[in-house]
Amino acid sequence: MSVAIPTSVGEVVDLLSRNPQATLLAGGTDLMVEVNLHGRRPADVVALNRVSELRSWSVDSSRRTITIGSGVPYAEMETGELARLLPALAEAARTVGSPQIRAAGTLGGNLGTCSPAGDGLPVLAALDAVIDVVGPNGARQIRFADFMVGVKRNALQPSEFVRSVTLPLVEGWQGYAKVGTRNAMVIATASVCLVRTNDRVAVALGAVGPTIIRATDAETWLAANHTMSSRPNTDTLAEFARLVRDASRPIDDHRSTAAYRRHAVGVLAQRLLTRSYS
Ligand SMILES: Cc1cc2nc3c(=O)[nH]c(=O)nc-3n(C[C@H](O)[C@H](O)[C@H](O)COP(=O)(O)OP(=O)(O)OC[C@H]3O[C@@H](n4cnc5c(N)ncnc54)[C@H](O)[C@@H]3O)c2cc1C
């Protein structure tokens, strides 16, 4: 296979415009599994790791947003300033694979693969992230809700790639939790990101449907029936968990049963809501 190693976003755009079939390589933690275990044979590869713009992040204080380059590895999100600004993303990053996987794996790759079990994705959903996409016709911004269109399917057009992700810096609490078949190095069988602000919660569910699911009925019910400044009582928590469970659309597969997944997202959401008041 041929491997191109561009050093700028413009060069990546040129390479993909000339060859829309080329395969992007970021950390390679998904792609190389495809190559080594599933017989994928990309003819032309465009490696992104020398494009420094994709490996940086910045804060816009006036807009109260943070923009993270698609090539920033999880290891950089786990601790330090990024973790302080986006605690839910840090929690999600810490659950990804092993230190080696987190040193190489990126949000751009999570979005490229677009698995419903991707750990970065519920965080992007709960925070209403906007995905900055670049292609031969310039840049466009896609809301996360419109980006993921099915199991391992996204809204990228041929020759387009993810440049960065922009998230709001919210006042409030945010957290991420997942369950899997063991405690570490595990793909989620169910995951939840919860963000609580003054007047509402946002809840996004992973691995319980073809895409990441926002539990909007649970969000709306809680906003209407609970004063966010006070600790929820047992009945409120139970109803909230029930509505979260109802939002899920899980399946039985080799990792878990639909029934367990449905139960698990209710428990995780209830725990996160409780934790947000501790
Ligand atoms: C042992 C192991 C454990 C893992 N554990 C977890 C886990 O716990 N949680 C989890 O979520 N994932 C896990 N993964 C999967 C993987 O690490 C993540 O999905 C990671 O985010 C992929 O990022 P990457 O940079 O390595 O992507 P790559 O493998 O380089 O690329 C993945 C796909 O995205 C495309 N792509 C890459 N960059 C872009 C871009 N900028 N724009 C558009 N498309 C792009 C590629 O062409 C490819 O199709 C694991 C993988 C392994 C091997």
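Residues numbered from 1 in each chain as written. Predicted model: local features only at pLDDT ≥ 70, side-chain atom pairs only at ≥ 80, totals over all residues. Heavy atoms only, no water.

1. Brief notes about the side chain of Ser256
For clarity, the threshold we go by: Strands are runs of DSSP state E lasting at least two residues, helices are runs of H or I lasting at least four, and both sets are numbered from the N terminus onward. Contact between two residues is taken to exist if any of their heavy atoms lie within 4.5 Å; hydrogens are not considered.
Position of Ser256 among the secondary structure elements: in the loop between helix H11 (234–247) and helix H12 (258–275). Among all residues touching Ser256, those that are not within four sequence positions of it are Thr189, Ile251 and Arg261.

2. So, helix H5 (residues 87–95)
To be explicit about the condition: Burial status follows relative accessibility: with a 1.4 Å probe on protein chains alone, a residue under 20% of its type maximum counts as buried, one over 50% as exposed, and anything between as partly exposed.
What H5 keeps buried is the set Ala88, Leu89, Ala90, Glu91, Ala92 and Ala93. Positive backbone phi, approximately 40°, marks Gly97, located one or two places after H5.

3. Observations regarding the sheet that holds strand S3 (residues 44–47)
Worth spelling out the cut-off: At least two DSSP bridges between two strands are required for those strands to pair. To obtain each axis, a line is fitted to C-alpha atoms, and for helices this fit is confined to the stretch in contact; angles are then taken between N-to-C directions over 0 to 180 degrees.
Spatial strand order, S1-S3-S2: three strands in an open sheet with parallel pairing. The outermost strands of the open sheet, each flanked by one partner alone, are strand S1 (2–4) and strand S2 (23–25). Taken pair by pair, the neighbouring strands of this sheet meet at an average axis angle of 30°, ignoring direction. Bridge count between S1 and S3: three bridges; the pairing is parallel. Its bridge partner lying in S3, Ser2 is registered against Asp44. The strands that helix H1 (residues 9–18) touches are S1, S2 and S3; relative to S3, the one it contacts most, it runs at about 165°.

4. Some points on the domain arrangement of the protein
The figure often quoted for interface size is the accessible area lost as the parts come together. Spelled out, the test is: Segment limits for the domains were obtained from an automatic or database-derived domain assignment. Buried area is calculated as the accessible area (1.4 Å probe) missing from two parts once they are joined, with the contributions of both summed. Salt bridge criterion: a side-chain nitrogen from Lys or Arg within 4 Å of a carboxyl oxygen from Asp or Glu.
Domain boundaries assigned for the protein yield domain 1 (2–168) and domain 2 (173–275). Between domain 1 and domain 2, the contact holds 25 residues from the first and 21 residues from the second. Carbon and sulfur atoms supply 62% of the area buried between domain 1 and domain 2, which totals about 1800 Å² over both sides. At the junction of domain 1 and domain 2, the tally comes to three salt bridges. Across the pair Arg275 and Glu91 runs a salt bridge whose closest N-O atoms are separated by 2.8 Å.

5. A word on the nonpolar core
Defined as follows: As used here, the term nonpolar core means buried Ala, Val, Leu, Ile, Met, Phe, Trp, Tyr and Cys residues forming a set that is joined through side-chain atoms within 4.5 Å.
By size, the foremost hydrophobic cluster in this structure holds 40 residues, and its most contacted members are Leu111, Leu124, Ile131, Phe144 and Leu167. Among the elements that line this core, the one with the most residues is helix H8 (residues 121–126), at five residues. Both of domain 1 (2–168) and domain 2 (173–275) provide at least three residues apiece to this core. Leave out the neighbours within four places in its chain, and Ile131 touches Leu111, Leu124, Arg140, Gln141, Ile142, Phe144, Phe147, Val162, Ser164 and Val165. With 25 residues, the next largest nonpolar core counts Ala190, Ala218, Leu237 and Leu272 among its residues.

6. Remarks on the pairing of strand S4 (residues 57–60)
Judged from the four bridges that link them, S4 and strand S5 (residues 65–69) form a sheet pairing that is antiparallel. The residue of S5 that forms the bridge with Trp57 is Ile68. Following S4, the chain reverses through four residues before pairing antiparallel with S5; Arg64 in that reversal takes a positive phi of roughly 55°.

7. Some thoughts on the site of the ligand
For the record, the criterion: Think of it this way: one heavy atom of a residue within 4 Å of a molecule or strand is enough to make that residue near it. Polar contacts, as counted here, are pairs of nitrogen or oxygen atoms within 3.5 Å of one another; within protein the pair requires one atom able to donate a hydrogen and one able to accept it, and residues that are adjacent in sequence qualify only if both atoms are side-chain atoms. Surface accessibility in these figures is a Shrake-Rupley result with a 1.4 Å probe; residues are shielded only by whichever protein chains are displayed.
If you check the shell around the ligand, you find 33 residues, and the closest are Leu24, Thr29, Asp30, Tyr74 and Asp119. Side-chain polar atom of Asn110 to an oxygen atom of the ligand: 3.0 Å apart, as the coordinates give it. Within the contact set of the ligand, an oxygen atom lies 3.2 Å away from a side-chain nitrogen or oxygen of Lys178. For the ligand, the protein covers 88% of the area, taking 980 Å² as the surface of the free molecule. If you list the elements that add at least two residues to the shell around the ligand, you get S2, helix H2 (31–38), helix H6 (99–104), helix H7 (107–113) and strand S10 (161–168).

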